[in-house]
Amino acid sequence: MREPSSVGIEGNNNGVVSPPPPQALLERLKDYGQEDVFALWDELSHDEREYLVKDIESLDLSRIDRIIRCSLRSQGLPAAAIEPVPESSVSTVDERTHEERERWWKMGLKAISDGKLAVLLLSGGQGTRLGSSDPKGCFNIGLPSGKSLFHLQAERILCAQRLAAHATESSASSVQIHWYIMTSPFTDEATRKFFESHKFFGLEAEQVTFFQQGTIPCVSKDGRYIMETPYRVAKAPDGNGGVYSALKSTRLLEDMASKGIKYIDCYGVDNALVRVADPSFLGYFIDKGVAAAAKVVRKAYPQEKVGVFVRRGKGGPLTVVEYSELDPSLASAVNQGTGRLRFCWSNVCLHMFTLDFLNQVANSLEKDSIYHLAEKKIPSIHGYTMGLKLEQFVFDVFPYSPTTALFEILREEEFAPVKNANGSNYDTPDSAKLLVLRLHTRWVIAAGGFLTHSVPLYATGVEVSPLCSYAGENLEPICRGRTFHAPCEITF
Ligand code: UTP
């Protein structure tokens, strides 16, 4: 929808009796207590009125009303009792045997080679903390290669394809992992252009599908729409959990089924070490035969600001409790036997689902209509005003899963978050870059390589192109006996 050319209130109807707002639309708005959106109707120009009517017509008023009511009502309800995740639901790094690692890796590669895995990227966030106007995936975190987050992820997909083809003695071109990328109105155009201008980073253009998540009006505490301008309702993306309804409304679940996809690897864009399409995790998931799984890291200390997996009620489903909702005494409770935190499995937005489960869960989430309410500054006709953004989270589906398994990973190997701008204390492009360089330096040394460096090693290192190695494997022929001067990228 094009913005009207005149912006703001023009007072351009002086002396002319203005036509009233469309009656039917006004009546519908009244049904939901939202008629105030027409409060400044008399002061709008013709174009602005048309824009406003179209803006309202684009909203599913009854659905939004249901979401607002259910979400406001669920506020402040007592939290259900929780228990720690049972040990049997977690594969820990310490207990993972060599045989399991090998078996899961091979099972994962076989499933990839059979075309059963799709990768689903959540990339609709506005990345306000990072402070870049581009989508987060376009961000160059300062690695020697200068690669963006999208670029690193694309090359990891290419590498997983190649490993799968090799393991199953298939031709390289016959293995293709489909990449579904969720954008939002704030990131869509720039994301598509970035991929096009980088020739899809070596992937086939047809193996990438972009789709947009929905937006939802921002509301005041009493549930009324906030107006961003006199002729437009303020809206925000419906959270990364909007992925479920977006997959359904865009019919992409059917698209996946038609391609023979059975498993979906779902992750956030802002992790520089993300192992996209990880064969080990996929093999574990298939072996366990569960509907949903998550990679988890051990919570570093009791007050760490991360959500943790818990079991809801006695024998209930696994679910994520946010740090703000976890009672401090429970957050620091220690298991007497092991001396470790009882609630220790942190969620890092790395999930695996069966397609069957995604088909079921979209309906359940829609029926329950409970969104998280985040109090935020919303741009409005009165300047920035405090209001509520309604969001679903990608982990909201876990309570609906009949079976869930957790897979422990090591932070230093797979978790380098990019959340805040450089200069902040943690989770910055700089901290993520160093995590990548440190890990890759360890790989190179383990593979018999040597390093020279003119700045201290803690501040530099080498980068290994994902085209050479997915997780440190196959580096000996490239590294043994060679010396690399850090910082540099090792590639073919
Ligand atoms: P964050 O919760 O970190 O939000 O997203 P953000 O938008 O990236 O950053 P801030 O909070 O504005 O600074 C975690 C993941 O979920 C995606 C993000 O793109 C990121 O991959 N996300 C977030 C969506 O896809 N849609 C959303 O509506 C929100």
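Residues numbered from 1 in each chain as written. Predicted model: local features only at pLDDT ≥ 70, side-chain atom pairs only at ≥ 80, totals over all residues. Heavy atoms only, no water.

**Q** Can you help me understand the packing of aromatic side chains in this one?
**A** What characterises a pair of aromatic rings is the spacing of the ring centres plus the angle enclosed by the ring planes. Summed over the entire model, instances satisfying the criterion amount to 20 aromatic pairs. When the ring of Trp-179 is compared with that of Phe-195, the centres are 5.5 Å apart and the planes differ by 65 degrees; the resulting orientation is edge-to-face. Here Trp-179, found in strand E4 (residues 178-183), pairs with Phe-195, found in helix H6 (residues 188-197); they are 16 residues apart in sequence, far enough to count as distant. The residues Trp-179 and Phe-195 share a single accessibility class, namely buried. Where Phe-195 meets Phe-201, the ring centres are 5.1 Å apart and the plane angle is 85 degrees; that geometry is what we call edge-to-face. With a relative accessible area of 0%, Phe-195 lands in the buried category. (Phe/Tyr/Trp six-rings, centres within 6.5 Å; stacked < 30°, edge-to-face > 60°. Helix = DSSP H or I, 4+ residues; strand = E, 2+ residues; numbered from the N terminus. Buried < 20%, exposed > 50% of the residue type's maximum accessible area, 1.4 Å probe, protein only.)

**Q** How should I be thinking about helix H3 (residues 61-74) in this particular structure?
**A** Note that an α-helix has 3.6 residues per turn; residues three or four places apart therefore point the same way. Over its 14 residues, H3 extends 20 Å from the first C-alpha to the last, a length consistent with the 20 Å expected when each residue adds 1.5 Å. Where H3 is concerned, the buried positions are Leu-61, Arg-63, Ile-64, Asp-65, Ile-67, Ile-68, Cys-70 and Ser-71. (Expected span 1.5 Å × (residues − 1).)

**Q** Explain the site of the ligand to me, please; I cannot follow it from the model alone.
**A** Near the ligand there are 18 residues, and of these Leu-122, Thr-128, Arg-129, Gln-213 and Lys-419 occur at the shortest range. Between Asn-240 and the ligand, the recorded distance is 3.1 Å, taken from a side-chain N or O atom to an oxygen atom. Relative to its free-state accessible area of 560 Å², the ligand is covered by the protein chains to the extent of 83%. Residues belonging to the shell around the ligand are distributed by class as follows: 4 nonpolar, 10 polar and 4 charged. (Near = heavy atom within 4 Å. Polar contact = N/O pair within 3.5 Å; in protein donor to acceptor, adjacent residues only side chain to side chain. Areas by Shrake-Rupley, 256 points an atom, 1.4 Å probe, with all protein chains shown as cover. Nonpolar A, V, L, I, M, F, W, Y, C, P; charged D, E, K, R; others polar.)

**Q** I tried to follow unusual backbone geometry on my own but got confused; where do I start?
**A** Most peptide bonds take the trans configuration, and most residues that are not glycine carry a negative phi. Cis geometry marks the peptide bond from Ala-486 to Pro-487; its omega dihedral reads 0 degrees. When you line up the elements, Pro-487 lands in the loop between strand E20 (483-486) and strand E21 (488-490). Positive phi is not limited to glycine here, since Lys-199 has a value of about 50 degrees. Residue classification places Lys-199 among the exposed residues on the basis of a relative accessible area of 68%. In this structure, Ala-277 is a non-glycine residue whose phi angle is positive, near 60 degrees. Along the polypeptide, Ala-277 turns up in the loop between strand E10 (263-268) and helix H9 (279-288).

**Q** What's the story with the packing of helix H4 (residues 98-113) against helix H5 (residues 149-167) in this structure? I'm lost.
**A** When two helices pack together, you describe them by how their axes are tilted relative to each other and by the distance separating the axes. Direction vectors running N to C along H4 and H5 enclose 100 degrees, while the axes themselves pass 8 Å from each other. Classified by the angle their axes make, H4 and H5 are roughly perpendicular. Within the contact between the two elements, H4 uses Trp-105, Leu-109, Ile-112 and Ser-113 and H5 uses Ala-160, Leu-163, Ala-164 and Ala-167. Broken down by class, the residue content of the contact of H4 with H5 amounts to 7 nonpolar, 1 polar and no charged. (Axes fitted to C-alpha atoms, helices over the stretch in contact; angles between N-to-C directions. Parallel < 35°, antiparallel > 145°, perpendicular 65-115°, else oblique. Contact = heavy atoms within 4.5 Å.)

**Q** For this particular structure, what's the right way to read the environment of Tyr-284?
**A** Within the element layout of this structure, Tyr-284 appears in helix H9. Other than its neighbours up to four places away in sequence, Tyr-284 contacts Ser-89, Val-90, Ser-91, Trp-104, Ala-405, Leu-406 and Phe-407.

**Q** Please explain the pattern of salt bridges as it appears in this structure.
**A** A pair can form between side chains of opposite charge whenever their charged atoms are brought close. In the structure shown here, the tally under the stated rule is 28 salt bridges. Residue Arg-251 is joined to Glu-254 by a salt bridge in which the shortest nitrogen-to-oxygen separation is 3.1 Å. In this structure Arg-251 comes out as exposed when scored by relative accessible area, which is 53%. Exposure remark for Glu-254: the relative accessible area of 46% places this residue in the partly exposed category. A cluster of three or more residues bridged by salt bridges with shared partners is formed by Arg-275, Asp-278, Lys-295 and Glu-414. (Salt bridge = Lys/Arg side-chain N within 4 Å of Asp/Glu carboxyl O.)

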